[in-house]
Amino acid sequence: MNNRKLKDNLIKILIYAASLLTVGVLAWILIYITINGIGEVSLEFLTSAPEGESGGGILPIIINTLYIILLTIVIATPIGVFAAIYLVEYAKPGKIVRIIRFATESLAGIPSIIFGLFGYIFFVTVLNLGWSILSGALTLSIMVLPTMVRTTEESLKAVPDVYREGSLGLGASKLRTIRKVVLPSAIPGIVTGIILSIGRIVGESAAVYFTAGMVSRLAKGFLDSGRTLAVHMYLLAKEGISFEKAFATAFVLVVIILLINFSANKIGASLDKTKV
Amino acid sequence: MESKEEIRQSVRNREDSMEENKLQNFIEKIIENIFFISACMAIISVAVISVFIFYKGGPAIFQIGVKEFLTGTTWQPLGDYFGILPMIIGSIYATIGAIIIGVPIGILTAVFIAELAPEWIQNIVRPSVELLAGIPSVVYGFFGLLVFVPFIADTLGGAGNSLLAASVILGIMILPTVINISVTSLNSVPKEYKEGSLAMGASHIQTIFKVMIPAAKSGILAAVILGIGRAIGETMAVILVAGNTPLIPDSLTDPIRTMTANIALEMGYAYGLHQEALFATGVILFIFIMILNIMLNLFTNKAGE
Amino acid sequence: MNKTKLSVKNLNLFYGDFQALKNIDLEVESNKITALIGPSGCGKSTFLKTLNRMNDLVENVKIEGKVTLDGEDVYNNIDVIKLRKRVGMVFQKPNPFPMSIYDNVAYGPRAHGIKRKSKLDEIVETSLKQAAIWDEVKDRLNQNALGLSGGQQQRLCIARALAVNPEVLLMDEPTSALDPIATQKIEELTEELKEKYTIVIVTHSMQQAGRISDNTAFFLLGEVIEFSETAKIFSNPEDKRTEDYITGRFG
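Asker: Help me out: how do you make sense of the overall build of chain B in this one?
Answerer: Across its full length, chain B holds 13 helices and two strands. Relative to the compact-globule value of 19 Å for 305 residues, chain B shows a C-alpha radius of gyration of 28 Å, a clear excess of over 25%. If one aligns the C-alpha atoms of chain B with their principal axes, the spans along those axes are about 105 × 65 × 35 Å. Pairs at least 24 apart in sequence give 72% of the contacts found in chain B among residues at least 6 apart. With an accessible surface of roughly 14000 Å², chain B has 64% of that area assigned to carbon and sulfur atoms.

This is the structure:
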């Protein structure tokens, strides 16, 4: 009897230790990056262009990142939302739906370096878009598609069927029912999907590196190339150019990710509230 | 009695609205097709990605020779030696290392979240796990480069850039995947199982390990497979800590080069057969991932039934 | 002479292999209230939904037989949207949309192409008045409909159904989720509504059927066991099973 209790307690200690380790590693990374990075971040750093190999700031890189985010979201949101609408509102269970789901799962499992390679052959070379914001955004659109589809699907499924019945029962067409009743109720979920996708875009380096290029200047348009924050950070760290700037960039990245997670949670919580 | 004129009028009205409805039905049909095509984008993407990767990398494998390519231990593009065995082994070792570190910690943390943690602690642990998932891989790599690499060099000797460093970083990076999916599958174990076990006088811990984890087995297995996928596909973080020497490692402190690193490091300047050999490395990586996907699909389908 | 509004001939309905409705023959008279009663799972709600083709939404459903509305075949040569405009429906649980009271009522007319604000205002007002809820909501038409009480929500849903100017109103246990006072209001309302509309109501409450309906159909295991005037079915049922059910419920 006592033996069992001892064993239980030992296992409990292991469980606590593992959980502590998980949270601890996160805290460690955040604190380490903050302590070393916050001092390097200044208004000047955020508002000036890089100079030479290791000087200057990251303004053009922030703007490049925003370009890529914007373009990717513009491309991926309609496709993802439409796909989810098809899956939830129209599709009958069967072979096609199974294949679509398998493809979506597979897409989510493909490593970003493969997306990078593909984007490089297809968008950069075959479609001749060159290393550009557009090539990067198209590649990332495919990458974030599963996230978009899944979150939208979840939120469409959470819309009660009685709304659909009510609308159809009034003689409203299916499309009108979706547009006026189903989609408005699903908007918080769709926004969560967009925010999560932005998180992925901001953090992505391998796929962007091969498609959007790595020059450190401001892209002159969607067909011009430019590096994003994550790529910038990679190059600084990899080449050992400047650890100070790398820390500062890491800090900026982490703050962005924190903000993104925070807002996704806020919207998720409001979504739960409206459900009740 | 309705006059003939009125009847004719009402017939005409009905015909008019029939026309209108036809147009509306037509538009609805078109839009439904747009939805359908959007849904097929995932299929199209996977197909096009597969075709292009194989098209670009496949021929090189045969040009180099399947055996040479897969079992060759020398990678010297300038000397036309394209053996990627060291990279395959590097990827496999690093992934095994990540699993050894990440899976037990991940499952135990999942048990904590699903079964033991009071609500207020859950409210700390869950967002932490989400945040771990959100941190960019370059940041992990950078952290590993400045924290783990020097630590390994100081305590175990060598350069520090090593299989061990890669395993530790990847082990941390797969935690969110392992934890989230394990929590979901633990939560979906029917309450009756747990109650049944507790009612027989088993302790909570015994119930978790003897009843709940076995019942959630296929979900946890799916979590591990997804973790493997994430580890084997990770690029930038690994490059920063693994040393990237294309040699088969003899010990934990030896440097390794993974398949992903091989592609990312040399793609920038490769051309000709060298470039194709990098795409061919992508083909092998892609095959690994597809096998994992198919395994995952089998497991989750089984879990669904 | 009473006019037939809806006529059902030899209707069979299958969910996959399961036959939910068997050889139903039924005539719904114009400007009367027809009640459908029977134990739960007997197919009365399923039957109701065949009248405006809401069963089309269910997977694997197969329908045989003929349903006509004013002589027009409901399952052939008729646009579903048109049909549902003519045959409105009120559901078991009040299901207002998560939008304002005004937008709820205006939803149907807008769906059918009415855009003019003055016209919509007029429709909203008359519909809410017909549903006997105008006085309670006229000052807060722009508030969210989900803020209303259950009984008010259900009357709003009736107003919403009336706003598209239907000829028939199908009501699927409209009071089962309501308290007695709200129920009474809805029952009084149906009395008034039958002046203009034909009503088919599914109810689990024998008393309710007795109080409000003109004709009653008793359903059992997917069949109509007996169909006649309500007074007759409650006082002098022909079939032993009807009597058992009614007396069992009343006793």
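Asker: Is there a simple way to explain the nonpolar core in this structure?
Answerer: Generally speaking, nonpolar side chains in soluble globular proteins are found buried as a group. One finds I49 of chain B together with L128 and I158 of chain C to be the most contacted residues of the largest nonpolar core, which totals 232 residues. Here this core gets 15 residues from one element, more than from any other, and that element is helix α3 (residues 85–116) of chain B. There are two domains that each give this core at least three residues, and those are domain 1 (4–64) and domain 2 (68–304) of chain B. If we skip the residues at most four places from it in the chain, L128 of chain C touches V105, I133, W134, V137, L141, L156 and A159 of chain C. Ranked by size, the runner-up nonpolar core spans 30 residues in total, among them L168 of chain A together with L6, V8 and L48 of chain C.

Asker: What's the story with unusual backbone geometry in this structure? I'm lost.
Answerer: Most peptide bonds take the trans form, and the phi angle of most residues other than glycine is negative. Its identity as a non-glycine residue notwithstanding, N128 of chain A has a phi of 60 degrees, on the positive side. Within the element layout of this structure, N128 of chain A appears in the loop between α5 (112–126) and α6 (133–157). For N128 of chain A, a relative accessible area of 63% gives the class exposed. Even without glycine at this site, N165 of chain C takes up a positive phi of about 55 degrees.

Asker: Looking at this structure, how should I read the pairing of strand β2 (residues 18–29) of chain C?
Answerer: Put simply, side chains in a regular strand alternate between the two faces of the sheet. Residues and elements named next belong to chain C. Pairing analysis gives eight bridges linking strand β1 (residues 4–15) to β2, with the strands arranged antiparallel. In the strand pairing of β2, S7 is matched with E27. Count of turn residues in the β1/β2 antiparallel hairpin: two residues, of which G16 carries a positive phi of about 60 degrees.

Asker: So what exactly am I meant to see when it comes to the sheet that holds β2 of chain C here?
Answerer: Where strands meet in a sheet, backbone hydrogen bonds hold them as pairs that are either parallel or antiparallel. Residues and elements named next belong to chain C. Read from one edge of the open sheet, four strands run β2-β1-β4-β5, paired in antiparallel fashion. Of all the strands in the sheet, just β2 and β5 (72–73) have a single pairing partner and so form its edges. Pairing analysis gives two bridges linking strand β4 (residues 61–69) to β5, with the strands arranged antiparallel. Opposite L69, over in β5, you have E72 as the bridge partner.

Asker: Quick question: what am I supposed to make of the confidence of the model for chain B here?
Answerer: Residues shown with low pLDDT carry predicted positions that ought not to be read at fine detail. All names here are of chain B. Looking at chain B as a whole, the pLDDT averages 88, with 92% of positions reaching at least 70. For chain B, per-element mean pLDDT is lowest for helix α1 (residues 4–64), which scores 80, and highest for helix α6 (residues 163–173), which scores 95. In this model, residues 10–16 is a region of pLDDT below 50 whose contacts with residues beyond four sequence positions or in other chains number one contact. In the model output, the complex is listed with pTM 0.85 alongside ipTM 0.90.

Asker: It is not clear to me how the sheet that holds strand β7 (residues 168–172) of chain C should be interpreted in this structure. Could you clarify?
Answerer: Residue and element names in this part refer to chain C. The strand order across the open sheet built from six strands is β6-β7-β8-β3-β9-β10, with neighbouring strands paired in mixed fashion. Among the strands making up the open sheet, the edge pair consists of β6 (87–90) and β10 (223–229). Along the sheet, successive strands turn relative to each other by an average axial angle of 15 degrees, direction set aside. Judged from the five bridges that link them, β7 and strand β8 (residues 198–202) form a sheet pairing that is parallel. Looking across to β8, one finds that D172 is bridged to V202.

Asker: Help me understand a negative patch on the surface in this model?
Answerer: All names here are of chain C. On the surface, a cluster of negative charge is made up of E188, E191, E192 and E195. Summarising the element assignment, E192 is placed in helix α7 (residues 180–193). Exposure remark for E192: the relative accessible area of 53% places this residue in the exposed category.

Asker: What is the right way to look at the interface of chain A and chain B in this model?
Answerer: Think of interface size as the accessible area that goes away when the parts come together; that is how it is often given. With 72 residues of chain A at the interface, the matching set in chain B holds 74 residues. Between chain A and chain B, roughly 6700 Å² of surface is buried when both sides are summed, and carbon and sulfur atoms account for 83% of that area. Joining chain A to chain B, the criterion identifies zero salt bridges. Counting residues per element, the side of chain A that touches chain B draws most heavily on helix α1 (residues 2–38) of chain A, at 19 residues. By residue class, the composition of the side of chain A that touches chain B is 55 nonpolar, ten polar and seven charged.

Asker: What should I look at first to understand the pattern of salt bridges in this one?
Answerer: Proximity of charged atoms lets side chains of opposite charge pair with each other. Taken as a whole and assessed by the stated rule, the structure comprises 26 salt bridges over all chains. Close ionic contact of K157 of chain A with E153 of chain A constitutes a salt bridge, the shortest N to O distance being 3.8 Å. In this pair, K157 of chain A and E153 of chain A are both assigned in helix α6, four residues apart and thus about one turn of the helix distant. Within the structure, one salt-bridge network assembled from shared partners comprises K5, D70, E72, R86 and E167 of chain C.

Asker: I'm lost on the interface of chain C and chain A in this one. Help?
Answerer: If you look at the interface, chain C gives 25 residues, while chain A gives 18 residues. Counting each side, the surface lost to burial between chain C and chain A is near 1600 Å², with a carbon and sulfur contribution of 64%. The tally of links between chain C and chain A comes to one salt bridge. Among the salt bridges present, the one from K49 of chain C reaches E165 of chain A, with a minimum N-O distance of 3.9 Å. Taken together, chain C and chain A are joined by four residue pairs in polar contact (both at pLDDT 80 or more). Looking at the side of chain C that touches chain A, the elements with two or more residues in it are α2 (80–86), β6, α3 (101–111) and α6 (150–162) of chain C.

Asker: So what exactly am I meant to see when it comes to the layout of surface pockets here?
Answerer: By rolling a water-sized probe across the atoms, one finds the places where empty space is left. Taken as a whole, the second largest pocket spans an internal volume of roughly 1200 Å³. Along its surface, the second largest pocket is lined by 40 residues, and E89, L168 and K174 of chain A together with D56 and L57 of chain C are the ones closest to its centre. Elements supplying a minimum of two residues to the lining of the second largest pocket: α3 (59–90), α6, α7 (161–169) and α8 (174–203) of chain A, α1 of chain B together with α1 (44–50) and α2 of chain C.

Asker: Looking at this structure, I do not really get the environment of I13 of chain A. What am I missing?
Answerer: Within the secondary structure, I13 of chain A is located in helix α1. Residues I13 of chain A and I113 of chain A, spaced 100 residues apart in sequence, show a C-alpha to C-alpha distance of 39 Å.

Asker: Would you mind going over the packing of aromatic side chains with me for this structure?
Answerer: The geometry of an aromatic ring pair comes down to the distance between the two centres and the angle between the two planes. Under the defined criterion, the tally for this structure stands at 28 aromatic pairs over all chains. Relative to F35 of chain B, the ring of F82 of chain A lies with its centre 5.1 Å away and its plane at 55 degrees, an arrangement referred to as tilted. Here F82 of chain A is found in helix α3, whereas its partner F35 of chain B is found in helix α1 on a different chain. A relative accessible area of 5% means that F35 of chain B is categorised as buried. Ring geometry for F143 of chain B and F148 of chain B: centres 5.7 Å apart, planes at 80 degrees, overall edge-to-face. Across the pair, exposure class does not vary: F143 of chain B and F148 of chain B are buried alike. Of the aromatic side chains, those joined through ring pairs into one cluster are W28, Y32, F243 and F247 of chain A together with F142, F143 and F148 of chain B. The cationic tip of R160 of chain C hangs over the ring face of F97 of chain C; the distance from NZ or CZ to the ring centre is 4.2 Å.

Asker: I'm lost on the environment of Y197 of chain C in this one. Help?
Answerer: Residue and element names in this part refer to chain C. Counting through the fold element by element, Y197 comes out in the loop between α7 and β8. Assessed through its relative accessible area of 1%, Y197 is described here as buried. For Y197 and P166, which are 31 residues apart along the polypeptide, the C-alpha to C-alpha distance reads 7.6 Å. If sequence neighbours within four positions are ignored, Y197 has contacts with N31, K32, Q130, L162, N165, P166 and E167.

Calculation notes
- Per-chain numbering applies: the sequence of each chain, read as written, is numbered from 1 onward.
- Numbering of ligands from 1 and lettering of chains from A proceed in the order in which they are written.
- Two thresholds apply to this predicted model, a pLDDT of at least 70 for residue-level local features and 80 or more for giving and counting side-chain atom pairs, whereas whole-chain, interface and lining totals are computed over all residues.
- Excluded from the side-chain calculation are hydrogens and water; included are all heavy atoms of the structure.
- Only DSSP runs of H or I with at least four residues qualify as helices, and only runs of E with at least two residues qualify as strands; both kinds are numbered from the N terminus onward.
- Our radius of gyration is a C-alpha quantity, and the globule rule it is checked against amounts to 2.2 Å times the number of residues to the power 0.38.
- Two residues form a contact once any of their heavy atoms are found within 4.5 Å.
- Calculation of accessible area relied on Shrake-Rupley with a 1.4 Å probe; when residues are assessed, cover is drawn exclusively from the protein chains displayed.
- Within this scheme, the nonpolar core is defined by two criteria: the residues are buried Ala, Val, Leu, Ile, Met, Phe, Trp, Tyr or Cys, and they are joined through side-chain atoms within 4.5 Å.
- Exposure is judged per residue with a 1.4 Å probe applied to protein chains only, and the accessible area is read against the type maximum: over 50% gives exposed, under 20% gives buried, and values in between give partly exposed.
- Segment limits for the domains were obtained from an automatic or database-derived domain assignment.
- Only strands joined by at least two bridges in the DSSP assignment are considered to pair.
- The predictor attaches a confidence to each residue, called pLDDT, with possible values from 0 through 100.
- Interaxial angles span 0 to 180 degrees and are taken between N-to-C directions of axes, which are lines fitted to C-alpha atoms, for helices over the stretch in contact.
- Excluding any residue in a salt bridge, patches collect residues exceeding 30% relative accessible area, merging like charges within 9 Å and nonpolar Val, Leu, Ile, Met, Phe, Trp and Tyr side chains within 5 Å.
- Here, a salt bridge means any side-chain nitrogen of Lys or Arg that lies within 4 Å of a carboxyl oxygen of Asp or Glu.
- Under the convention used here, Asp and Glu are negative, Lys and Arg are positive, and both His and the chain ends fall outside the count.
- Positions of charges follow a simple convention, taking NZ of Lys, CZ of Arg, CG of Asp or CD of Glu.
- Using a 1.4 Å probe, buried area is obtained as the accessible area two parts lose upon being combined, added over both of them.
- Only Asp, Glu, Lys and Arg are considered charged in this grouping, and only Ala, Val, Leu, Ile, Met, Phe, Trp, Tyr, Cys and Pro are considered nonpolar; every other residue, Gly among them, is considered polar.
- Two N or O atoms form a polar contact when they lie within 3.5 Å of each other; inside protein one atom must be a possible hydrogen donor and the other a possible acceptor, and for residues adjacent in sequence the pair counts only when both atoms belong to side chains.
- Lining residues are defined by having an atom within 4 Å of a point belonging to a cavity or pocket. Those points lie on a 1 Å grid over the protein atoms alone, cavities being sets where a 1.4 Å probe fits but cannot get out and pockets being open sets with protein on both sides within 12 Å along at least five of seven lines.
- Grid points are joined across faces, edges and corners, and a volume is the space filled by probe spheres set on the points.
- The criterion for an aromatic pair is that two Phe, Tyr or Trp rings (for Trp, the six-membered ring) have centres within 6.5 Å, with stacked assigned to planes under 30 degrees apart, edge-to-face to planes over 60 apart and tilted to the rest.
- Only lysine NZ and arginine CZ atoms are considered, and such an atom sits over a ring when it is within 6 Å of the ring centre and within 35 degrees of the ring normal.

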